[in-house]
Amino acid sequence: MNPKNDSQTLSNKKDALRIPIWLGLLILLICCTAVVVLGLLGVSIMERRWEAQRPAMVHRPIDEWETDNAVWGENYPREYETYLEQENDETKTLYGGSYPRDYLEEDPYQVILFAGYGFSKEYLQARGHVYSVEDVNKTARIKKPFNAATCYTCKSPDVPRLMNEMGITEFYAANFHDLTDQINHPIGCLDCHNPATLTLRVSRPALKEAFESMGKDVSEAGLQDMRSLVCAQCHVEYYFKPEPKNYLSFPWKNGTTVEAMIEYYDDIDFADYVHPISKTRIIKAQHPDYELYSTGIHSYRNVSCSDCHMPYRSEGGVKFSDHHVQSPLLNISNSCAVCHRWSEEEIKTRVEGIQTKVANAMMMSEEALVKAHFDVAAAIQAGVSDEQLAPIRTLLRHGQFCWDYISASNGMGFHSPQESMRILGLALQKAQEARLQTARLLAYKGISEPPKYPDVSTREKAFDVATRFVNDEPIQLLPQGTAGILN
Amino acid sequence: MKIPRILDILGLSGLPCFLQVLLYGLAGLIIGMGLVMVRISNAASYLYDSPETCINCHIMTDAYASWQRGSHGHVATCNDCHVPHENMVSKYGFKALDGTKHSAVFTLGTEPQVLELSATAVPVVQKNCIRCHQKQLEMVRLSSSKEQACWKCHQTIHGPLRSLSASPPELRPPLPKAGFEFNPIGETKNEPKE
């Protein structure tokens, strides 16, 4: 036998069993990947099974006056992460969202209705809670010499801390600009939660006092009511009492309907400003969201603010509230669809349909109110006496409050559609009644032609017109050659 | 240039010694971990019809709680309504496809908060409604009205609310055990510290 042949057979045999090294390495790689993927899957399964046990863990006890939301966030990461989603200030719905929509730009009539008042200079849709301090510090409405510290009341969890240190009356009476250094954190955890037990609590005195004024006790509210009442600390109609100085109060003594509030304001003869065009004592409505909601179907069925604006979520075994407070229209499937079994598109169409009807009614009453202000101004120019104009100004005062009650509220009437339409009906009726009575007084003066309404179709034009009246250089509204025939 | 036969690869005899050991070791790891996975994922339970199988993860706990206390709680299981019953192939095929989708969604955390029947599930559930309620439907069908999904009107089979968080915590069933005896998962509860 040829030894060379032998060794060749042997090496051939060896070759047959040998796989190339790259194939070996490939198998190794595949095995490794399989082990890693299986391992990760195993960890994931175990973690997800454990989830239900985790939420109760408190890593770090929270101080009684802990105002830094990030510290709370260490213990409650899911709530804090969703809270931080409010940093998105670009969301838009048909009538709302979190972007700083410029109401005056979109609707110049409001420049006339708020003439001479801060809201005619700047009126932006509020951004999310996380911007509350930043935005209140830069708004054009709070500039020296205007300096009520009360404006901070709803803007920061530092407020209950300061009220505790300074005293409630002293806080309200303080100077806004003096407190700026101490108001550092935007609306957050401490505003609604007890740090020791995480239960909901009322941290602002105004709501407690308003309940007392109605003969009720807010501390008797149950959990489901609290899920609305924590919002009602701020999302309500309020005013600053002159005595004690700038004391924040809700006009709820006679009840929380628009009529009850008007009666309250009339009883104490309160006015936020005197309208420079018609010389009417105007009450600026804030945002009576809670009061309006209380008259609606969702409130009747005991659905709280949080059920729609902060719906419950489940992440694995953990149930928590979505702390991204926002328009339910941006989260339809998780908020509305829990109860309403329609498609997202259908729900959206329905809500926007309701809102559009309210918006149209609002614009109608707004136009009537603007004309009513000019009608009264024309009557002044025609020499009609204040005595004769008094009942007309009362109509205008009430009408504008009714309009503002809906206009300043969030949700374009959706919090209570029927009540919103009723109130806008009141606004329109009062404005038209005021115009009718003014027309009679003008007719008595021999003026049967309508006043020459100035062009207020853009924000700039409206602002110029308003400024003329503010500076006491009113635009002549009476038709030429008709002024003072009977004077 | 022979293509290596399967036995050669399995034998790995031509590879350096350390690589062979590594590969066998890794293969062993895979098989071992696979077995652990079968246990902790309760994989065998998916072959059967027990309703507890559907709460191997948390997503269906609300559906389970509302089913258990609802009209169907004592007469039908999840599978009676939610998987096809024509034959074994359609039943296990549906289970496999749906199950894979479910586990992927849960693993990635992309589940919606309000669950809707998927397009493939609609005819399955409808057929199963009729499978039991045939008698009640005879008169309706004779009237030759257009067939509607049963749950268009009977909306509250799974309770009035639709949300993964709809049922209160005390009504939510605990997950079935899926660990090893020495591993007391789910039995310790951390109380909040004051």
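Everything quoted here is computed from the prediction, not taken from an experiment.

## Concerning the overall build of chain A
And step 1. In terms of helices and strands, chain A carries 21 helices and six strands.
And step 2. In summary, chain A has a C-alpha radius of gyration of 32 Å against a globular reference of 23 Å for 487 residues, an excess of more than 25%.
And step 3. Buried positions account for 51% of the 487 residues belonging to chain A.
And step 4. Counting contacts in chain A only where the partners sit at least 6 residues apart, residues at least 24 apart contribute 69% of the total.
And step 5. Surface summary for chain A: the accessible area is close to 23,100 Å², and the carbon and sulfur share equals 55%.
And step 6. Distance from the positive charge centre (49 side chains) to the negative charge centre (64 side chains) of chain A: 4 Å.

## Regarding the nonpolar core
And step 1. Ranked by internal contacts, the top residues of the largest apolar core, which has 98 residues, are Leu207(A), Trp252(A), Phe374(A) and Phe401(A).
And step 2. Residue contributions to this core peak at 13 residues, all from helix H18 (residues 344-381) of chain A.
And step 3. Setting aside residues up to four positions removed in sequence, Trp252(A) forms contacts with Leu207(A), Ala210(A), Phe211(A), Ser213(A), Met214(A), Val236(A), Glu237(A), Met261(A), Tyr290(A) and Glu291(A).
And step 4. If you look at the next biggest cluster of nonpolar residues, it comprises seven residues, including Leu28(A), Cys31(A), Leu15(B) and Leu23(B).

## A closer look at a nonpolar patch on the surface
And step 1. Together, Ile21(A), Trp22(A), Leu25(A), Leu26(A), Leu29(A) and Ile30(A) line one region of the surface with nonpolar side chains, adding up to about 640 Å² of accessible area.
And step 2. Of note, Leu25(A) is situated in helix H2 (residues 21-50).

## Quick look at the packing of helix H14 (residues 258-267) of chain A against helix H19 (residues 386-407) of chain A
Residues and elements named next belong to chain A.
And step 1. Axis separation between H14 and H19 bottoms out at 11 Å; the angle between their running directions is 135°. Overall, the two elements H14 and H19 adopt an arrangement that is oblique. Like other packed secondary-structure pairs, H14 and H19 cross with a definite hand, here right-handed. Within the contact between the two elements, H14 uses Val-258, Met-261, Ile-262, Tyr-265 and Asp-266 and H19 uses Arg-397, His-398, Phe-401, Cys-402 and Tyr-405.
And step 2. The residue makeup of the contact of H14 with H19, split by class, is seven nonpolar, one polar and two charged.

## Here we look at the pattern of salt bridges
All names here are of chain A.
And step 1. In this structure the tally under the stated criterion is 27 salt bridges over all chains.
And step 2. The partner of Glu-134 in a salt bridge is Arg-127, and the shortest N-O contact between them spans 3.2 Å.
And step 3. Glu-134 gets classed as partly exposed once you look at its relative accessible area, which sits at 43%.
And step 4. Arg-127 gets classed as buried once you look at its relative accessible area, which sits at 15%.

## Here we look at the state of the cysteines
And step 1. Applying the stated criterion across every chain, the model contains one disulfide over all chains.
And step 2. One disulfide in the model links Cys154(A) with Cys234(A); its S-S distance is 2.1 Å. Taking the torsion about the sulfur-sulfur bond, which here is approximately -100°, the covalent link between Cys154(A) and Cys234(A) counts as left-handed. Residue Cys154(A) is found in the loop between helix H7 (132-138) and helix H8 (158-166), and its partner Cys234(A) is found in the loop between helix H13 (223-232) and strand S1 (239-241); the two are separated by 80 residues along the sequence.
And step 3. Cys150(B) takes part in no disulfide bond, and the closest cysteine sulfur to it belongs to Cys129(B), at a distance of 4.0 Å.

## Notes on the packing of aromatic side chains
Two measures describe an aromatic ring pair: the distance that separates the ring centres and the angle between the ring planes.
All names here are of chain A.
And step 1. Taken as a whole and judged by the stated rule, the model has 26 aromatic pairs over all chains.
And step 2. Between the aromatic rings of Tyr-239 and Phe-270, the centroid separation amounts to 4.8 Å while the plane-to-plane angle is 65°, which identifies the pairing as edge-to-face. Taken together, the residues span a long stretch of sequence, with Tyr-239 in strand S1 and Phe-270 in the loop between H14 and strand S3 (273-274) at a distance of 31 residues. Comparing Tyr-239 with Phe-270, the two get one shared label, buried.
And step 3. On the numbers, 5.9 Å between centres and 65° between planes, the contact of Phe-401 with Tyr-405 is edge-to-face. In this pair, Phe-401 and Tyr-405 are both assigned in helix H19, four residues apart and thus about one turn of the helix distant.
And step 4. When its relative accessible area of 2% is taken as the criterion, Tyr-405 is described as buried.
And step 5. Here the basic side chain of Lys-92 rests over the ring of Tyr-99, its NZ or CZ set 4.4 Å away from the ring centre.

## Brief notes about H14(A)
Residues and elements named next belong to chain A.
And step 1. For H14, the complete set of buried residues consists of Val-258, Ala-260, Met-261, Ile-262, Tyr-264 and Tyr-265.
And step 2. Considering only its buried residues, H14 is in contact with S1, helix H15 (289-294), H19 and helix H20 (417-444).
And step 3. Of the residues one or two after H14, Asp-269 is the one with positive phi, at around 50°.

## Observations concerning the side chain of Thr53(B)
Residues and elements named next belong to chain B.
And step 1. On the secondary structure map, Thr-53 appears in the loop between helix H2 (17-40) and helix H3 (61-68).
And step 2. We classify Thr-53 as buried; its relative accessible area is 11%.
And step 3. Engagement of the side chain of Thr-53 in a polar contact is seen with the backbone oxygen of Ser-50, the distance being 3.0 Å.
And step 4. Setting aside its immediate chain neighbours within four residues, Thr-53 contacts Ser-45 and Tyr-46.

## Details of the pairing of strand S6 (residues 318-321) of chain A
All names here are of chain A.
And step 1. Direction of pairing for strand S5 (residues 312-315) relative to S6: antiparallel, over a ladder of four bridges. Its bridge partner being in S6, Ser-314 is matched across the sheet by Lys-319.
And step 2. If you look at the hairpin formed by S5 and S6, you'll find two residues sitting between the two strands, and Gly-316 has a positive phi there, around 60°.

## Describing the confidence of the model for chain A
Residues and elements named next belong to chain A.
And step 1. Of all residues in chain A, 94% attain a pLDDT of 70 or more, and the chain-wide mean is 91.
And step 2. In the model of chain A, helix H1 (residues 3-17) stands out as the element of lowest mean pLDDT, 48, in contrast to H19, which has the highest, 98.
And step 3. Contacts for the low-pLDDT stretch residues 1-11, under 50 throughout, to residues beyond four places or in other chains number zero contacts.

## Considering unusual backbone geometry
Most of the time, phi is negative for any residue but glycine, and the peptide bond is trans.
Residue and element names in this part refer to chain A.
And step 1. Look at the link from Glu-243 to Pro-244: it is a cis peptide, with omega at -5°.
And step 2. Mapped onto the fold, Pro-244 is located in the loop between S1 and strand S2 (247-249).
And step 3. Unusually for a residue other than glycine, Leu-198 sits at a positive phi of about 70°.
And step 4. Structurally, Leu-198 is set in the loop between helix H11 (189-192) and helix H12 (205-213).
And step 5. Given the relative accessible area of 24%, Leu-198 is considered partly exposed.

What counts as what
- Residues numbered from 1 in each chain as written.
- Chains lettered and ligands numbered in written order.
- Predicted model: local features only at pLDDT ≥ 70, side-chain atom pairs only at ≥ 80, totals over all residues.
- Heavy atoms only, no water.
- Helix = DSSP H or I, 4+ residues; strand = E, 2+ residues; numbered from the N terminus.
- Rg over C-alpha atoms; globule rule 2.2 N^0.38 Å.
- Buried < 20%, exposed > 50% of the residue type's maximum accessible area, 1.4 Å probe, protein only.
- Contact = heavy atoms within 4.5 Å.
- Areas by Shrake-Rupley, 256 points an atom, 1.4 Å probe, with all protein chains shown as cover.
- Lys, Arg positive; Asp, Glu negative; His and termini not counted.
- Charge placed at Lys NZ, Arg CZ, Asp CG, Glu CD.
- Core = buried A, V, L, I, M, F, W, Y, C linked by side-chain atoms within 4.5 Å.
- Patch = residues over 30% accessible without salt bridge, like charges linked within 9 Å, V, L, I, M, F, W, Y side chains within 5 Å.
- Salt bridge = Lys/Arg side-chain N within 4 Å of Asp/Glu carboxyl O.
- Axes fitted to C-alpha atoms, helices over the stretch in contact; angles between N-to-C directions.
- Parallel < 35°, antiparallel > 145°, perpendicular 65-115°, else oblique.
- Left-handed = near helix turned anticlockwise from the far one by under 90°.
- Nonpolar A, V, L, I, M, F, W, Y, C, P; charged D, E, K, R; others polar.
- Disulfide = S-S within 2.5 Å.
- Phe/Tyr/Trp six-rings, centres within 6.5 Å; stacked < 30°, edge-to-face > 60°.
- Lys NZ or Arg CZ within 6 Å of the ring centre and 35° of its normal.
- Polar contact = N/O pair within 3.5 Å; in protein donor to acceptor, adjacent residues only side chain to side chain.
- Pairing = 2+ DSSP bridges.
- pLDDT = per-residue confidence, 0-100.

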